[in-house]
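Structural description and commentary
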2 protein chains.
Amino acid sequence: MTIPRPTVRRLSLYLREAESLLASGTRTVSSGELSLLLALTGAQVRRDLGHLGVRGRPGIGYRITPLIDRLRTALGVDRSRNVVIVGAGRIGRALIAYPRFGARGFRIVAVFDTDPKVIGRRLDAHIVYGLDDLESVIEKEDVEMGIIAVPEAVAESVATRLVDAGVGGLLNFAPCRLDVDAEVVDVDLSGSLEELAWAIAGRVDE
Amino acid sequence: MTIPRPTVRRLSLYLREAESLLASGTRTVSSGELSLLLALTGAQVRRDLGHLGVRGRPGIGYRITPLIDRLRTALGVDRSRNVVIVGAGRIGRALIAYPRFGARGFRIVAVFDTDPKVIGRRLDAHIVYGLDDLESVIEKEDVEMGIIAVPEAVAESVATRLVDAGVGGLLNFAPCRLDVDAEVVDVDLSGSLEELAWAIAGRVDE
DNA sequence: TAGTGTGAAGTCTTTCACAGCA
DNA sequence: TGCTGTGAAAGACTTCACACTA
């Protein structure tokens, strides 16, 4: 039972919405309600939740607590995971204390940089390590994921070192492809703005 | 001739790669070469470029200079566009001087915040404005796009003000849906990390 | 009655495979 | 010969529509 990638991306939205509904005292939600909140169709919501094996009750909808539990296990955020950030530049520093990471069980256990002026400095709760310590920290802290927030020029070499040290997943902010033997999710900031420029330019050929 | 959304997302990659090839002195590139560089298939590259009306030469490939020109006009980055950032927190500050925005013609013309301790302060080349100035600056500077880097609680009200003031496109970093009459591209940082967690958890139901 | 679960249909995207061309 | 451009096939995802049910 494999879940389509577009569904996976939506699971995150369902989880966020379900938690918010639970916080507001709601116990149960229908596919129609969720579809309005998230700008989807009811059929899509039912299909997506069906992929997870979540069953709703006709006439009622889905019970929120089991829904949240199932979403968490499906996304793999039902337990804590250790994460390192490589690159203590602007993007790296913005992510160090990003509260939503902590709320999903992603624990930033170390931050690395190559700049001697930054190494050893305290950023939020973290002392910045030199890149030399990468492998030892990853092993000691049982790191599962890495965030690449370094310049393009060194992104692939950093990625390779992370993967060789045992990291299985990379969140890549560098504007290039990472050719490594690990799962990679790219966050393409400029690409997203270009997609937006295309959309407002009228979506058509001039 | 409308371009599929998945193709649009790749156009940005082709543009990046083509510029890099041009810089290294290459004049011509085949679909096979591009597909290797970007981890796509040759057929996909040819189909994508075909959507743009770009023609290659059998036996040779695509001429890089016209390819770049065509990609730029298709993406709507063939001219400069004025952009504002709302929210001078960690994410907003990381984006103020993000060099790839400038390289694509996105000009950050103003940064806004509500925090009196930040308003009036200089961040890179920008003085932070109070939110009160939002509408006047947008009008004066002919702003086409806005970047939402504020907390979820105020994201939608900020978005509505931007759109009412005439901004046609929003890049949204807040973890919520923006229900506004404008093009919106979401950058879901936590969602991306959750997608990665799902991927390394084995992509299957336990 | 209000809402689920799901075959079947529809739509969108990718890939195949190959004629045609410089 | 090496590579394009593209019908046709395949595959992936979404939507329809409705029997079913608590």
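Residues numbered from 1 in each chain as written. Chains lettered and ligands numbered in written order. Predicted model: local features only at pLDDT ≥ 70, side-chain atom pairs only at ≥ 80, totals over all residues. Heavy atoms only, no water.

1. Focus: the overall build of chain A
The criterion, for reference: Helix and strand definitions here come from DSSP, where helices need a minimum of 4 consecutive H or I residues and strands a minimum of 2 consecutive E residues; each element is numbered from the N-terminal end. Three exposure classes are used, based on accessible area relative to the maximum for each residue type with a 1.4 Å probe and protein chains only: buried under 20%, partly exposed in between, and exposed over 50%. Here the Shrake-Rupley method, with its probe set to 1.4 Å, supplies the accessible areas, and only the displayed protein chains count as covering residues. By the counting rule applied here, Lys and Arg register as positive and Asp and Glu as negative, while His and the ends of each chain are not counted. Lys charges are placed at NZ, Arg charges at CZ, Asp charges at CG and Glu charges at CD.
Counting its regular elements, chain A contains 9 helices and 9 strands. By its C-alpha atoms, chain A is 60 × 50 × 30 Å across when sized along the principal axes. Per-residue burial for chain A yields a buried fraction of 51% across its 206 residues. A total of about 9,400 Å² of accessible surface is found on chain A, and carbon and sulfur atoms cover 50% of it. Considering chain A, the positive charge centre built from 26 side chains and the negative charge centre built from 28 side chains are found 10 Å apart.

2. A look at the protein's contact with DNA strand D
Heads up, the rule is: By convention in these notes, a residue is near a molecule or strand provided one of its non-hydrogen atoms lies within 4 Å of it. Pairs of N or O atoms are called polar contacts if they sit within 3.5 Å, as long as, within protein, a hydrogen donor faces a hydrogen acceptor (for residues adjacent in sequence, only side-chain-to-side-chain pairs). Charged means Asp, Glu, Lys or Arg here, nonpolar means Ala, Val, Leu, Ile, Met, Phe, Trp, Tyr, Cys or Pro, and polar covers whatever is left, Gly included.
For DNA strand D, the set of nearby residues contains 21 residues, the closest of which are A:Arg47, B:Ser31, B:Arg46, B:Arg47 and B:Gly56. Backbone atoms, meaning sugar and phosphate, make up 60% of the atoms of DNA strand D lying within 4 Å of the protein. At 3.3 Å, a side-chain N or O of A:Gln44 approaches a phosphate oxygen of DNA strand D. At the level of secondary structure, the elements contributing two or more residues to the surface near DNA strand D comprise helix 1 (5-23) and helix 3 (42-52) of chain A together with helix 3 (42-52) of chain B. Considering every element that reaches the surface near DNA strand D, the biggest residue donor is helix 3 of chain A, with 3 residues. Looking at the surface near DNA strand D residue by residue, the classes come out as 6 nonpolar, 7 polar and 8 charged.

3. Some details on the domain arrangement of chain A
For clarity, the threshold we go by: Per the annotation, domain bounds derive from an automatic or database assignment of domains.
For chain A, the domain assignment lists domain 1 (5-75) and domain 2 (81-191). Centre-to-centre separation of domain 1 of chain A and domain 2 of chain A, based on C-alpha positions: 31 Å.

4. Description of the sheet that holds strand 5 (residues 122-123) of chain B
Residues and elements named next belong to chain B. The line we're drawing: Being paired, for any two strands, means DSSP has found at least two bridges between them. A contact between two residues is defined here by any heavy atoms of the two lying within 4.5 Å. Note on definitions: angles span 0 to 180 degrees between N-to-C directions of axes, and those axes are lines fitted to C-alpha atoms, for helices only across the stretch in contact.
Reading across the sheet, the 7 strands line up as 5-6-4-3-7-8-9 and stay open at both edges, with mixed pairing between neighbours. Of all strands in the sheet, those bounded by a partner on one side alone are strand 5 and strand 9 (183-186). Judged from the 4 bridges that link them, strand 3 (residues 81-86) and strand 7 (residues 145-148) form a sheet pairing that is parallel. Each residue of the ladder has a partner; that of Val-83, found in strand 7, is Met-145. Set on the sheet, helix 7 (residues 134-141) makes contact with strand 3, strand 4 (106-113) and strand 6 (126-130); between it and strand 4 the angle comes to about 165°. Across the sheet, helix 8 (residues 152-164) is in contact with strand 3, strand 7 and strand 8 (169-172); its angle to strand 7 comes to roughly 170°.

5. Here we look at the interface of chain A and chain B
Using the following cut-off: When two components associate, each loses some accessible surface as probed by a 1.4 Å sphere; the sum of these losses over both components is called the buried area. When a carboxyl oxygen of Asp or Glu is within 4 Å of a side-chain nitrogen of Lys or Arg, the pair counts as a salt bridge.
With 66 residues of chain A in contact, the opposing surface of chain B contributes 66 residues. Roughly 5,900 Å² is buried in total at the junction of chain A and chain B, and carbon and sulfur atoms are behind 60% of that figure. Counting across the interface, chain A meets chain B through 12 salt bridges. Here A:Arg90 makes a salt bridge to B:Asp124, at a shortest N to O gap of 2.6 Å. Linking chain A with chain B are 22 residue pairs in polar contact (both at pLDDT 80 or more). The dominant element in the side of chain A that touches chain B, judged by the number of residues it contributes, is helix 9 (residues 189-200) of chain A, at 12 residues.

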